[in-house]
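# Notes for the structure review
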Amino acid sequence: MFSVRFIFLFLIFLFVSNAQAQTTYYVSTLGNDANNGTTISTPWKTIKKAVTTVSAGSTIEIFAGNYSEKIIPLVTGLPSNYITVKNYQNDLVVIDGAGINGWGVLTFYGPSYFKIQGIHFAISDSSSAYNWQPAIIVGNTSSFIEINNCTFKQLINKHSTGIALYGNDTTAVGVHDIKITNCDFGNNSFNMAQAIGVAGNVHDCEISNNHIHHIANSGIALVGSDSTSKKWKYDYARNILISNNTIHDVYNHTPGMYQQGMVISGARNCRIEKNKIYNCDFGINISAYSNYARTDNIEIRENLIYNNYLQGLSIGIYNYTSSTGRIHYTNIHHNTFYQNNSLKTGAGEFVF
């Protein structure tokens with residue numbers, strides 16, 4: 001009888017604990033951080049307040065408005081209880097990094113198990129004290145973060161990046177299990193330098209079903225051996241899936257400053273599949289820009305690559321006379337290339 005009562009009370013405890021953990025909180029430009037945030041009529045004012053207060057399993061719903069703040073989550077979710085940050089219903093929520101110092105408008109530096117959904121990111125100030133300013137940066141050992149259905153269109157700082165996976169950790173853990181899906185990067189003014197950058201100790205991530213366009217530098221970059229992580233044996237992006245993305249109009253058209261829809265330099269064990277890449281200087285560039293970089297085991301399959309200014313695909317080290325980078329085991333199959341080299345230099349569809 002005692003054991004049945006104990007089990008009954010234990011189940012009640014679990015139910016109550018789970019219900020408490022899955023609270024919905026609200027944020028509004030008209031709110032107050034002194035509120036409890038738990039009802040539509042008592043919202044918090046800042047997203048920063050929310051991501052430093054809630055517990056695992058919580059949902060943060062943000063009402064329409066422009067939020068100019070630097071956001072650094074200090075709480076973390078759990079494997080079965082992600083923290084979700086999303087727009088309320090179909091509200092237009094803009095997080096703007098104008099005038100904010102430091103890297104990252106939204107910075108994950110350890111916290112994990114987050115979902116970011118339906119948010120518009122902007123850096124509406126064209127000047128910055130920092131040469132590199134991502135809208136979202138994921139570093140240290142942050143993991144299991146899903147960024148879905150977000151836009152990165154008004155990043156007019158010429159040094160801005162949409163999302164940076166910055167693998168600076170010096171242990172085997174690194175940044176891992178990040179998913180970037182169904183997002184829109186770029187605008188017709190070519191203000192944004194890069195859509196997605198993956199560098200250093202980053203592994204087991206997915207970049208899929210995104211629209212990347214009108215970028216001044218590279219659409220997607222996978223990089224290794226550039227000292228992002230000071231531990232050389234972990235300093236390379238690896239086990240990355242890039243699939244079903246549409247990448248176009250990533251170009252400079254200036255000799256010596258040509259840009260690429262996708263660049264892979266020093267990354268390993270990556271699969272590039274079913275992407276559509278067109279109207280770029282280069283479609284895909286596989287290289288080894290840094291000394292001692294080793295680009296290894298890259299599979300490129302079932303992509304549609306066409307109408308690019310120079311080559312559809314280029315493979316080779318950056319500077320043969322001085323670089324010690326190497327490219328090994330690249331497998332290219334079942335892709336479609338056509339009408340590349342619109343500049344008509346004679347380079348053809350691809351160059352080795």
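These figures come from a predicted structure and were not determined experimentally. (Residues numbered from 1 in each chain as written. Predicted model: local features only at pLDDT ≥ 70, side-chain atom pairs only at ≥ 80, totals over all residues. Heavy atoms only, no water.)

Moving on, we come to the overall build of the protein chain. Across its full length, the protein chain holds two helices and 30 strands. Expressed as a percentage of its 352 residues, the buried residues of the protein chain come to 51%. Total accessible area computed for the protein chain in this model is approximately 15,600 Å², and 53% of it derives from carbon and sulfur atoms. (Helix = DSSP H or I, 4+ residues; strand = E, 2+ residues; numbered from the N terminus. Buried < 20%, exposed > 50% of the residue type's maximum accessible area, 1.4 Å probe, protein only. Areas by Shrake-Rupley, 256 points an atom, 1.4 Å probe, with all protein chains shown as cover.)

As enumerated under the stated definition, the model contains one cavity of 30 Å³ or more in all. The calculated volume of the largest cavity comes to roughly 60 Å³. Surrounding the largest cavity, Ile47, Val51, Ile71, Pro73, Val85, Ile95, Leu106, Phe108, Phe114, Ile116, Ile119 and Phe121 form its lining. When contributions to the lining of the largest cavity are tallied by element, the ones reaching two or more residues are helix H2 (47-51), strand S6 (106-109) and strand S7 (114-117). (1 Å grid on protein atoms, 1.4 Å probe; cavity = no way out; pocket = protein on both sides within 12 Å on 5 of 7 lines; lining within 4 Å. Points joined across faces, edges and corners; volume = space filled by probe spheres on them.)

Approximately 270 Å³ is the volume attributed to the second largest pocket. Trp132, Thr161, Gln194, Gly197 and Ala199 are the residues nearest the centre of the second largest pocket, which is lined by 16 residues in total. Among the secondary structure elements, those contributing two or more residues to the lining of the second largest pocket are strand S12 (160-167), strand S15 (194-200) and strand S18 (220-223). Residue composition of the lining of the second largest pocket, by class: nine nonpolar, six polar and one charged. (Nonpolar A, V, L, I, M, F, W, Y, C, P; charged D, E, K, R; others polar.)

For the rest of this paragraph, the subject is the confidence of the model for the protein chain. For the protein chain, mean pLDDT is 89; residues scoring 70 or higher make up 89% of the total. Low confidence marks residues 4-20, where pLDDT is under 50. Its contacts with residues over four positions away, or in another chain, come to one contact. (pLDDT = per-residue confidence, 0-100. Contact = heavy atoms within 4.5 Å.)

We now examine the sheet that holds S6. On the basis of which strands lie adjacent, the open sheet formed by nine strands has the order S6-S9-S12-S15-S18-S21-S24-S27-S30 and parallel pairing. Each edge of the open sheet is held by one strand with a lone partner, namely S6 and strand S30 (350-351). Where strand S24 (residues 282-287) lies against strand S27 (residues 313-315), three bridges are found, and the strand directions are parallel. In the strand pairing of S27, Asn285 is matched with Ser314. (Pairing = 2+ DSSP bridges.)

What follows concerns the pattern of salt bridges. Within the structure shown, the criterion is met by six salt bridges. Across the pair Arg271 and Glu273 runs a salt bridge, and its minimum N-O distance is 3.0 Å. On the basis of relative accessible area, Arg271 is assigned to the partly exposed category, the value being 32%. Notably, a salt bridge pairs Glu302 with Arg301, separated by 3.8 Å at the nearest N-O pair. Judged by relative accessible area, Arg301 falls into the partly exposed class, the value being 23%. Connected through shared salt-bridge partners, Arg271, Glu273, Glu299, Arg301 and Glu302 make up one network. (Salt bridge = Lys/Arg side-chain N within 4 Å of Asp/Glu carboxyl O.)

Moving on, we come to the nonpolar core. One finds Phe121, Phe152, Ile180, Phe185 and Leu222 to be the most contacted residues of the largest nonpolar core, which totals 73 residues. In contact with Phe185, not counting residues within four places along its chain, are Phe152, Gly162, Ile163, Ile180, Met192, Ala195, Ile196, Asn210, His211, Ile212, His213 and Ile215. (Core = buried A, V, L, I, M, F, W, Y, C linked by side-chain atoms within 4.5 Å.)

This part takes up the environment of Trp103. You can see Trp103 is positioned in the loop between strand S5 (93-96) and S6. Linking Trp103 and Ile136, residues 33 residues apart in sequence, is a C-alpha distance of 8.7 Å.

On to the pairing of S5. Burial of the side chains of S5 extends over both faces: Val93 and Ile95 are buried on one face and Val94 and Asp96 on the other. As judged from the three bridges shared by strand S3 (residues 65-67) and S5, these two strands associate in the parallel manner. Along S5, the bridge assignment pairs Asn66 with Val94. Relative to strand S8 (residues 120-123), S5 runs parallel, the two sharing three bridges. From the neighbouring strand, Asp96 faces S8, where its bridge partner is Ala122.

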